[in-house]
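Listed here are the chains, written in short residue letters.
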Amino acid sequence: MEHTDMNPHGTTILAVRRGDHVALAGDGQVSLKDTIVKHRARKVRKIYKDRILVGFAGATADALNLYDRFEGKLEQFNGNLVRSAVELAKDWRTDKYLRRLEALLLTVDSGNMFLISGNGDVIEPDEGILGIGSGGAYAQAAAMGLVHHTQLDAKSIAEAAMKIAASICVYTNENITMEYL
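Just so it is clear, the model here is predicted, and its values are computed rather than measured.

Thresholds applied
Residues numbered from 1 in each chain as written. Predicted model: local features only at pLDDT ≥ 70, side-chain atom pairs only at ≥ 80, totals over all residues. Heavy atoms only, no water. Helix = DSSP H or I, 4+ residues; strand = E, 2+ residues; numbered from the N terminus. Rg over C-alpha atoms; globule rule 2.2 N^0.38 Å. Buried < 20%, exposed > 50% of the residue type's maximum accessible area, 1.4 Å probe, protein only. Pairing = 2+ DSSP bridges. Contact = heavy atoms within 4.5 Å. Axes fitted to C-alpha atoms, helices over the stretch in contact; angles between N-to-C directions. Salt bridge = Lys/Arg side-chain N within 4 Å of Asp/Glu carboxyl O. Core = buried A, V, L, I, M, F, W, Y, C linked by side-chain atoms within 4.5 Å. Expected span 1.5 Å × (residues − 1). Polar contact = N/O pair within 3.5 Å; in protein donor to acceptor, adjacent residues only side chain to side chain.

Q: Account for the overall build of the protein, with residues named and values stated.
A: Along the backbone of the protein there are four helices and eleven strands. The C-alpha radius of gyration computed for the protein amounts to 15 Å, which stays within 12% of the reference 16 Å derived for 181 residues, consistent with globular compactness. If you line up the protein on its principal axes, its C-alpha atoms span 45 × 40 × 25 Å. In the protein, which comprises 181 residues, the share counted as buried stands at 50%.

Right, dumping it as structure tokens:
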């Protein structure tokens, strides 16, 4: 994803599923070029009757536009995450205006987890762990290690992995917002 100098840059969003529980965490840092302009941004939310979690990485205005469109799809398809994700990805890929949006969405419900992109991607991870944004790979790797070598719950894994990512990625901080199902 290419960013211009004025777009907010960098973030870390992480989803972790463990058993019947899922946690979605996001850091709070917003940066413009090499300057931190906000420490406590809220990049993860509960939507659709508090049954769906969604987080974003990328340009804030673009992500908020996509949140609104995604919520519309959820309303249209009665909260069906799979159908809503596919339909949003189709629209995003084919609509001339939407194609310009620079963001990624990570969506989660009680049984599904998807990365949705403007390339038409609707990707479901193999292991129930998914990270996006500049620190996403660090958080995902840390979470995978914790899932494979500890008995921690989803919330504890997400929190620990986000702290690890914040210690590595300069675009990620430890002001974590977390939502659970």
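There's plenty left to go through after this.
Q: So what's going on with the sheet that holds strand E8 (residues 113-116)? Which residues, and what values?
A: Spatial strand order, E5-E6-E7-E8-E9: five strands in an open sheet with antiparallel pairing. If you trace the sheet from one side to the other, it starts and ends with strand E5 (44-47) and strand E9 (122-123), each paired once. Packed on one face of the sheet, helix H1 (residues 60-76) meets E5, strand E6 (52-58), strand E7 (103-108) and E8 and runs near 155° to E6. Strand contacts of helix H2 (residues 81-94): E6, E7, E8 and E9, with the helix running at about 5° to E8, the strand carrying the most contacts.

Q: Tell me about the pattern of salt bridges, and please be specific about residues and values.
A: Applying the stated criterion across every chain, the model contains six salt bridges. Among the salt bridges present, the one from Asp91 reaches Lys73, with a minimum N-O distance of 2.6 Å. Of this pair, Asp91 sits in helix H2 while Lys73 sits in helix H1; the two residues are 18 residues apart in sequence, bridging distant segments of the chain. Judged by relative accessible area, which is 29%, Asp91 ranks as partly exposed.

Q: Describe in detail the side chain of Glu87, supporting the description with residues and values.
A: Tracing the backbone through its elements, the reader meets Glu87 in helix H2. Setting aside its immediate chain neighbours within four residues, Glu87 contacts Lys73 and Phe77.

Q: Explain the sheet that holds strand E11 (residues 177-180) to me, using residue names and the numbers behind them.
A: If you walk across this open sheet you meet the four strands as E10-E1-E2-E11, and the pairing is antiparallel. Since the sheet does not close on itself, it has two edges, and those belong to strand E10 (129-132) and E11, each with one partner. Averaged over all adjacent pairs, the angle separating strand axes in this sheet is 10°, with direction ignored. Its contacts with the sheet put helix H3 (residues 136-149) on strand E1 (13-18) and E10, and the angle it makes with E10 is roughly 160°.

Q: If you had to explain the nonpolar core to someone new, which residues and values would you point to?
A: Counting residues in hydrophobic clusters, the biggest one holds 19 residues, and the most contacted among them are Ile52, Phe70, Leu105 and Ile116. Within the residue set of this core, elements represented by two or more residues are E6, H1, H2, E7 and E8. With near-sequence residues (within four places) excluded, Leu105 lies in contact with Val54, Gly55, Phe56, Leu66, Tyr67, Phe70, Leu88, Phe114, Leu115, Ile116 and Ile132. Of all hydrophobic cores here, the second largest spans 17 residues; its members include Leu14, Val16, Ala154 and Ala161.

Q: Residues and numbers for H2, please.
A: In this model, H2 (14 residues) spans 20 Å end to end at C-alpha, consistent with the 20 Å of a helix rising 1.5 Å per residue. Buried residues of H2: Leu81, Ser84, Ala85, Glu87, Leu88, Ala89 and Trp92, and no others. Taken together, the buried residues of H2 touch E6, H1, E7, E8 and E9. The distance from a side-chain oxygen at the start of H2 to the backbone nitrogen of Val82 is 3.1 Å, and the residue carrying that oxygen is Asn80.

Q: Give me the lowdown on the environment of Thr177, citing residues and values where you can.
A: Tracing the backbone shows Thr177 in strand E11. It is 10 Å that separates the C-alpha atoms of Thr177 and Gly55, two residues lying 122 residues apart in sequence. Setting aside anything within four residues of it in sequence, one finds Thr177 in contact with Leu24, Ala25, Gly26, Ala41, Arg42 and Val44.

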